[in-house]
Amino acid sequence: MFDAIVVGSGMSGGIAAKELCERGLKTLVIERGRKLEHGASYTDSLQPWEVPNGGGIPEEELARDYPIQRQCYAVSTATQQYWVKDSEHPYETPEGKPFSWIRGYHLGGRSIMWGRQTYRMSEMDLQANALDGHGADWPIRYADLAPWYDHVERFIGVSGSREGLDQLPDGEFLPAMPMNDAEKMFKAKVEQAFPDRKVIIGRCAHLTETRPHHEELGRNPCQYRSLCERGCSYGAYHSSLSSSLPAAERTGNLTIVTDSIVHSVITDPKTGKATGVRVIDQNTREARTYDARIVFLCASTIGTAQILLNSRSDKNPRGLANSSDMVGRNLMDHIYGVGVSGTVQGPDTYYRGRRPNGLYIPRFYNLPGKQSEVDFIRGFGFQGAMQRVNWRQMATSQPGIGEELKARVRKPGPWMAFFGGFGEMLPNPDNRVTLHASKVDKWGIPLVNIDCTHGENEKKIVSRILVDGKAMLEAVGATNIQVREKINPPGLGIHEMGTACMGKDPRNSVLNAYNQAHDVPNLFITDGAAMASSGCQNPSLTYMALSARAAFHASEFMKAGTI
Amino acid sequence: MQASALNRRETLGGLAALLGASTLPADVLAKAAKADVRLPAPIQSLASAYADTLMPRTDTPGAVDAGVPRLFAALLADWASPQTRASVLEALQKIDGAAGTGGFAAKSAAQRRAMLAPYDQANFADTGYRRLRELMLVLYYSSEPGATVELRYEHAPGAFEPSVPITAQTRAWAGAGYI
């Protein structure tokens, strides 16, 4: 019998485990995938000439085993071990409504391959549902989250600049990474041409300097390699393996089991409370149960919904914690993939080192107190960078041979700017995860059916991203402007959210203000599933803040004997 | 020139024989067995001649010095789908055909250069040719000589210096771009 079970060892589960362990709870983390070791399992030592096939996964294998995962930019032979084989982990989507579900099943989950961009949501984001009526009103506001953002930022280490923007609150930052000369020029010109826009350096979960509490965990400063998605042996970016799980481990309160797929949450029919979870061993398919006084689901947005829906019983025929019928609904991702690039005349300088971070242009439409100038609600931000065209494009985008070609590629290329929009997707109950009526995976667990599509508001945001992106590049004098108009299928932003939303009203939400299931007082959900709206900021920091906050309240409730 | 280039795949097969097959794990043996998948000699010489003309030895190593022809053969065996392999090999053979009597590989370096420069321009839009060219170039610039002697590469720069003056000696960075 454990005090707490945490299902999932990724971004949210790692922080939930750390916080619960540090509060003295004997905690079991259950990971469905295999064990990975920080450092020993990574591929970051591979030199460019040591990467198998120059990075290319064999084409037939890619088509057979990774038709979905291959859509993610970070998939290569250097990172192949971190992605699921779609052929082994199928799911269903309706005809004509693709959803790209990008996953990694191993200890640490997607915290190993994440993009590391780290932003707070603001008061505006947490009020959005209440103001325009889409989705359930968040039961918390910025003031509830702010101390937990502080707490998590200090622990994980976030590099960034203080900007004083209401729509993107500042945090507890380590020194910001610098902009290169062309980016400084871009910032000056864009901010002059568009006074409502701010161009800032990205905020990222990298240690630009270490603090003693990072060093105690064996973490080192960023080496500017940009090999991050291979895993970082320096522990320079926050992941469960480099940071949260080691912190949990040193309390002496942590137990980890891997290769154990959670099938369902077990409840006591008399009390309605969770008593533990049922798991299936991924290798032997043997079934086991684990018992605990509280359960945290951090199995990722779709995985968590799958477990709840599969925790059916006579008492809860449509799944656990689902009296509202909201489990699986309001699935969101960020609008992603639409953007612009162009060649820009810039300063005659170069840079040294590969900065694993770009520029950010925070949301500038529909800000509180301003008259809306657009035909959509909510908004988007831009993410991008300026860098010199690299050898690959210099060599392959134009003809040429021999000595002349060598001379062309040898010199740093021209400056290029590229920016993509990350837009808010509205919560919509029809965007939904359900269980397949008959198909099961090789462990006998019903497949998920993901029915999710962009709506009218998202399409209007896409149009505006393109118009504004182009205008911005024109303002800096870009030539050869290329536009990527095609919106990616939802899912490919890899910011799935919303399938067990927080809310004030148990009739239209799954979780209360403490991420506690309205229906099951000792069940907490703190991954992306909890999100009542998506904002347009990269969401991991918010999952971590919610996880830490819920762990605090859960342990207080346990002490008080109320759960 | 190709004869002198060390064939890693042959070496691996030879290693298995040397150590005694039973001491090697199954996946290594499986990979070694695939070492039989080699390009026929005339196609291998053609690939070498093309790579050498595209990226010749100058004051820095060329594609052949960097082992690109054997890496190319390995890529076709280990990575390419049958369609890609066919299209890339067809592109190579078209170069050979356009070279006239005796074929491309038999010509002098100067003759190959004179023939390939306009051919490269004229066929740049051809998918198969573009792919062939790209594979050779990516292999060259990702190789150790390509990345570190022709270009510059630091595996762990240790810092980000945002403003470095460009001089006549400045070389482009190899490896991935940042972000």
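Note that the coordinates shown come from a computational prediction; the quantities given were computed from them, not determined experimentally.

(A) Spatial organisation of the environment of Gln282 of chain A. All names here are of chain A. Considering the arrangement of structural elements, one finds Gln282 in the loop between strand 8 (274-281) and strand 9 (287-297). We classify Gln282 as partly exposed; its relative accessible area is 22%. Considering only alpha carbons, one finds Gln282 and Ile261, 21 residues apart in sequence, at a separation of 6.3 Å. Not counting chain neighbours up to four residues away, the residues in contact with Gln282 comprise Arg32, Gly33, Arg34, Asp259, Ile261 and Trp443.

(B) Main features of the pairing of strand 14 (residues 415-423) of chain A. Residues and elements named next belong to chain A. In terms of residue burial, strand 14 counts as a mostly covered element, since eight of its nine residues are buried. Pairing analysis gives six bridges linking strand 10 (residues 339-344) to strand 14, with the strands arranged antiparallel. Across the sheet, residue Val340 finds its bridge partner in strand 14, namely Phe419. Of the pairings in the sheet, the one linking strand 13 (residues 380-388) to strand 14 comprises nine bridges and is antiparallel in character. Paired with Phe382 across the strands is Gly421, a residue of strand 14.

(C) Highlighting the packing of helix 3 (residues 41-54) of chain B against helix 4 (residues 68-78) of chain B. Residues and elements named next belong to chain B. Two numbers describe how helix 3 lies on helix 4: the axes approach to 9 Å, and their chain directions differ by 125°. Taken as axis vectors, helix 3 and helix 4 run oblique relative to one another. In the packing of helix 3 onto helix 4, the handedness of the crossing is right-handed. Between helix 3 and helix 4, the residues in contact are Gln44, Ala47, Ser48 and Ala51 and Val68, Pro69, Arg70, Phe72 and Ala73, respectively. Split by residue class, the contact of helix 3 with helix 4 holds six nonpolar, two polar and one charged.

(D) Spotlight on the side chain of His214 of chain A. Residues and elements named next belong to chain A. Among the secondary structure elements, His214 is positioned in helix 6 (residues 212-215). The exposure class of His214 is buried, given its relative accessible area of 1%. Those residues in contact with His214, other than ones at most four positions away along the chain, are Arg154, Phe155, Ile156, Gly157, Leu174, Leu207, Glu209 and Arg219.

(E) Representation of the UniProt feature "domain: Glucose-methanol-choline oxidoreductase C-terminal" (unreviewed entry) in chain A in the model. Mapped onto this numbering, the UniProt entry gives "domain: Glucose-methanol-choline oxidoreductase C-terminal" (unreviewed entry) at residues 427-546 of chain A. Across residues 427-546 of chain A, helical content stands at 22% and strand content at 20%; the span's end C-alpha atoms are separated by 19 Å.

(F) Region of the structure containing the interface of chain A and chain B. Taken together, the contacts link 60 residues of chain A with 62 residues of chain B. Connecting chain A to chain B are six salt bridges. Taking the shortest distance from any N to any O, the salt bridge between Arg131 of chain B and Glu59 of chain A comes out at 3.1 Å. The tally of links from chain A across to chain B stands at 32 residue pairs in polar contact (both at pLDDT 80 or more). Those elements that provide at least two residues to the side of chain A that touches chain B are helix 2 (59-65), helix 5 (181-193), strand 11 (349-352), strand 13, helix 9 (391-396) and helix 10 (402-410) of chain A. Top element by residues in the side of chain A that touches chain B is helix 10 of chain A. It accounts for seven residues. Across the side of chain A that touches chain B, the residue classes break down as 24 nonpolar, 19 polar and 17 charged. Bridge count for strand 11 of chain A against strand 1 (residues 161-165) of chain B is three bridges, and the pairing is antiparallel. From the neighbouring strand, Thr349 of chain A faces strand 1 of chain B, where its bridge partner is Pro165 of chain B.

(G) Region of the structure containing the UniProt feature "domain: Glucose-methanol-choline oxidoreductase N-terminal" (unreviewed entry) in chain A. Sequence positions flagged by UniProt for "domain: Glucose-methanol-choline oxidoreductase N-terminal" (unreviewed entry) are, in local numbering, residues 5-335 of chain A. Between the end C-alpha atoms of residues 5-335 of chain A the distance is 33 Å, and the span holds 24% helix and 13% strand.

(H) Structural view of the sheet that holds strand 17 (residues 479-484) of chain A. Residue and element names in this part refer to chain A. With antiparallel pairing, six strands are arranged side by side in an open sheet as 5-12-13-14-10-17. Each of the sheet's edge strands pairs with one partner strand only, and the pair in question is strand 5 (200-201) and strand 17. Taken strand by strand, helix 5 contacts strand 10, strand 12 (359-361), strand 13 and strand 14, and its axis lies near 140° from that of strand 13. Along the sheet, helix 11 (residues 456-475) contacts strand 10, strand 12, strand 13, strand 14 and strand 17; its crossing angle with strand 13, the most-contacted strand, is approximately 35°.

(I) Summary view of the side chain of His155 of chain B. Structurally, the position occupied by His155 of chain B is in the loop between helix 8 (144-150) and strand 1. The class for His155 of chain B is buried, based on a relative accessible area of 15%. Polar contacts involving the side chain of His155 of chain B include one to the main-chain carbonyl oxygen of Asp44 of chain A, which spans 2.8 Å. At 2.8 Å, the side chain of His155 of chain B forms a polar contact with the side chain of Tyr153 of chain B.

(J) How the structure looks around helix 5 of chain A. Residues and elements named next belong to chain A. An ideal rise of 1.5 Å per residue puts 18 Å on 13 residues; helix 5 measures up with 19 Å between its terminal C-alpha atoms. Asp181, Ala182, Glu183, Met185, Phe186 and Val190 are the residues of helix 5 that are buried. If you check the start of helix 5, you find a side-chain oxygen 3.1 Å away from the backbone N of Ala182, and it comes from Asn180.

(K) Local environment of the packing of aromatic side chains. Applying the stated criterion across every chain yields a total of 25 aromatic pairs over all chains. On the basis of an interplanar angle of 15° and a centroid distance of 5.0 Å, the ring pair of Phe296 of chain A and Phe524 of chain A is categorised as stacked. Taken as a pair, Phe296 of chain A in strand 9 and Phe524 of chain A in strand 18 (residues 523-525) lie far apart in primary sequence, 228 residues in all. Ring centres 5.0 Å apart and planes at 50° place the aromatic pair Tyr350 of chain A and Tyr351 of chain A in the tilted group. For Tyr351 of chain A, a relative accessible area of 6% translates into the label buried. Three or more aromatic residues link up through ring pairs in this structure, and these residues are Tyr224, Tyr350, Tyr351 and Trp415 of chain A together with Phe160 and Trp173 of chain B. Stacked on the ring of Tyr105 of chain A, the Lys or Arg Arg32 of chain A has its end atom at 4.0 Å from the ring centre.

Cut-offs applied
- Residues numbered from 1 in each chain as written.
- Chains lettered and ligands numbered in written order.
- Predicted model: local features only at pLDDT ≥ 70, side-chain atom pairs only at ≥ 80, totals over all residues.
- Heavy atoms only, no water.
- Helix = DSSP H or I, 4+ residues; strand = E, 2+ residues; numbered from the N terminus.
- Buried < 20%, exposed > 50% of the residue type's maximum accessible area, 1.4 Å probe, protein only.
- Contact = heavy atoms within 4.5 Å.
- Pairing = 2+ DSSP bridges.
- Axes fitted to C-alpha atoms, helices over the stretch in contact; angles between N-to-C directions.
- Parallel < 35°, antiparallel > 145°, perpendicular 65-115°, else oblique.
- Left-handed = near helix turned anticlockwise from the far one by under 90°.
- Nonpolar A, V, L, I, M, F, W, Y, C, P; charged D, E, K, R; others polar.
- UniProt positions renumbered as here; feature names shortened; annotations may be inferred.
- Salt bridge = Lys/Arg side-chain N within 4 Å of Asp/Glu carboxyl O.
- Polar contact = N/O pair within 3.5 Å; in protein donor to acceptor, adjacent residues only side chain to side chain.
- Expected span 1.5 Å × (residues − 1).
- Phe/Tyr/Trp six-rings, centres within 6.5 Å; stacked < 30°, edge-to-face > 60°.
- Lys NZ or Arg CZ within 6 Å of the ring centre and 35° of its normal.

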